[in-house]
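# A closer look at the structure
One letter stands for each residue in the lines below.
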Amino acid sequence: MRASDGQSPCTCQCKANANQSKISEETIDSGDWTQPQIELLKLIYFHGAKEMAKSLKLVHHIALYHSDFPIEDIEKNSLYDVISLSKQLKRIKE
(Lines give C-alpha, C1' and ligand atoms only; values in the text may rest on other atoms or scores of the structure.)
Protein backbone atom coordinates (compact mmCIF):
# COMPACT_ATOMS: atom_id res chain seq x y z
CA MET A 1 0.00 0.00 0.00
CA ARG A 2 1.37 3.40 -0.95
CA ALA A 3 0.53 6.83 0.40
CA SER A 4 -0.67 9.62 -1.85
CA ASP A 5 2.93 10.90 -2.09
CA GLY A 6 4.12 7.50 -3.38
CA GLN A 7 5.84 6.35 -0.21
CA SER A 8 5.05 3.00 1.36
CA PRO A 9 4.25 3.03 5.06
CA CYS A 10 6.56 0.90 7.16
CA THR A 11 5.19 -1.73 9.47
CA CYS A 12 7.16 -0.67 12.55
CA GLN A 13 6.14 -1.99 15.92
CA CYS A 14 6.96 0.09 18.95
CA LYS A 15 5.48 0.94 22.32
CA ALA A 16 4.13 4.41 21.54
CA ASN A 17 2.12 4.30 24.75
CA ALA A 18 0.56 1.61 26.92
CA ASN A 19 -2.40 1.16 24.54
CA GLN A 20 -0.46 1.07 21.29
CA SER A 21 1.82 -1.64 20.00
CA LYS A 22 1.81 -0.65 16.32
CA ILE A 23 2.16 2.68 14.59
CA SER A 24 -0.54 3.20 11.97
CA GLU A 25 -2.64 6.07 10.70
CA GLU A 26 -5.39 5.10 13.14
CA THR A 27 -3.17 4.78 16.22
CA ILE A 28 -1.30 7.98 15.43
CA ASP A 29 -4.49 9.97 14.99
CA SER A 30 -6.18 8.46 18.06
CA GLY A 31 -3.25 8.91 20.44
CA ASP A 32 -2.67 11.70 22.91
CA TRP A 33 -0.14 13.54 20.73
CA THR A 34 0.66 17.14 19.91
CA GLN A 35 0.53 18.11 16.24
CA PRO A 36 4.36 18.17 15.85
CA GLN A 37 4.57 14.70 17.44
CA ILE A 38 1.92 13.40 15.05
CA GLU A 39 3.83 14.79 12.07
CA LEU A 40 7.08 13.16 13.25
CA LEU A 41 5.38 9.78 13.79
CA LYS A 42 3.74 9.96 10.36
CA LEU A 43 7.10 10.81 8.78
CA ILE A 44 8.68 7.77 10.43
CA TYR A 45 5.67 5.62 9.53
CA PHE A 46 5.69 6.54 5.83
CA HIS A 47 9.43 6.75 5.30
CA GLY A 48 10.41 3.76 7.39
CA ALA A 49 12.51 3.77 10.53
CA LYS A 50 15.36 1.73 9.02
CA GLU A 51 15.65 4.03 6.03
CA MET A 52 15.66 7.12 8.23
CA ALA A 53 18.31 5.54 10.47
CA LYS A 54 20.52 4.87 7.45
CA SER A 55 20.07 8.42 6.19
CA LEU A 56 20.94 9.96 9.55
CA LYS A 57 23.99 7.71 9.90
CA LEU A 58 25.15 8.75 6.42
CA VAL A 59 24.75 12.46 7.26
CA HIS A 60 26.68 11.90 10.50
CA HIS A 61 29.53 10.14 8.69
CA ILE A 62 29.72 12.74 5.92
CA ALA A 63 29.86 15.59 8.43
CA LEU A 64 32.40 13.87 10.65
CA TYR A 65 34.70 12.08 8.20
CA HIS A 66 34.36 13.91 4.89
CA SER A 67 34.15 17.55 5.90
CA ASP A 68 36.80 20.19 6.39
CA PHE A 69 34.49 22.04 8.79
CA PRO A 70 36.11 22.40 12.22
CA ILE A 71 34.37 20.20 14.79
CA GLU A 72 33.97 21.94 18.13
CA ASP A 73 31.71 21.20 21.11
CA ILE A 74 28.48 22.44 19.54
CA GLU A 75 29.11 20.40 16.39
CA LYS A 76 30.11 17.33 18.44
CA ASN A 77 26.90 17.59 20.44
CA SER A 78 24.83 17.93 17.26
CA LEU A 79 26.53 14.94 15.65
CA TYR A 80 25.95 12.93 18.82
CA ASP A 81 22.24 13.82 18.65
CA VAL A 82 22.08 12.70 15.02
CA ILE A 83 23.79 9.35 15.63
CA SER A 84 21.72 8.76 18.81
CA LEU A 85 18.50 9.32 16.88
CA SER A 86 19.77 7.03 14.14
CA LYS A 87 20.47 4.25 16.65
CA GLN A 88 17.03 4.56 18.23
CA LEU A 89 15.28 4.49 14.85
CA LYS A 90 17.30 1.42 13.89
CA ARG A 91 16.01 -0.38 16.99
CA ILE A 92 12.39 -0.04 15.86
CA LYS A 93 11.45 -3.46 14.55
CA GLU A 94 9.74 -3.70 11.24
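Residues numbered from 1 in each chain as written. Predicted model: local features only at pLDDT ≥ 70, side-chain atom pairs only at ≥ 80, totals over all residues. Heavy atoms only, no water.

## A word on the overall build of the chain
- Assigned secondary structure in the chain consists of four helices and zero strands.
- When the helices and strands of the chain are read in sequence order from the N terminus, they spell out α-α-α-α.
- Scored against the burial criterion, the 94 residues of the chain give a buried share of 27%.
- Across the chain, contacts joining residues at least 24 apart in sequence account for 45% of those joining residues at least 6 apart. (Helix = DSSP H or I, 4+ residues; strand = E, 2+ residues; numbered from the N terminus. Buried < 20%, exposed > 50% of the residue type's maximum accessible area, 1.4 Å probe, protein only. Contact = heavy atoms within 4.5 Å.)

## Structural notes on the packing of aromatic side chains
- Within this structure, the stated rule accounts for one aromatic pair.
- Ring centres 5.0 Å apart and planes at 70° place the aromatic pair Y45 and F46 in the edge-to-face group. Comparing Y45 with F46, the two get one shared label, buried. (Phe/Tyr/Trp six-rings, centres within 6.5 Å; stacked < 30°, edge-to-face > 60°.)

## Focus on the environment of E75
- Residue placement: E75 occurs in helix α4 (residues 73–91).
- Measuring from C-alpha to C-alpha, the distance between E75 and A63 comes to 9.3 Å, with twelve residues separating the pair along the chain.
- Here E72 takes part through its backbone nitrogen, which lies 2.9 Å from a polar atom of the side chain of E75. (Polar contact = N/O pair within 3.5 Å; in protein donor to acceptor, adjacent residues only side chain to side chain.)

## Digging into a positive patch on the surface
- Together, K50, K54, K57, K87 and K90 make up a positively charged patch on the protein surface.
- Breaking the positive patch down by element, the ones donating at least two residues are α3 (49–65) and α4.
- When residues in the positive patch are grouped by element, the largest group, three residues, is from α3.
- As for its position among the elements, K50 is in helix α3. (Patch = residues over 30% accessible without salt bridge, like charges linked within 9 Å, V, L, I, M, F, W, Y side chains within 5 Å. Areas by Shrake-Rupley, 256 points an atom, 1.4 Å probe, with all protein chains shown as cover. Salt bridge = Lys/Arg side-chain N within 4 Å of Asp/Glu carboxyl O. Lys, Arg positive; Asp, Glu negative; His and termini not counted. Charge placed at Lys NZ, Arg CZ, Asp CG, Glu CD.)

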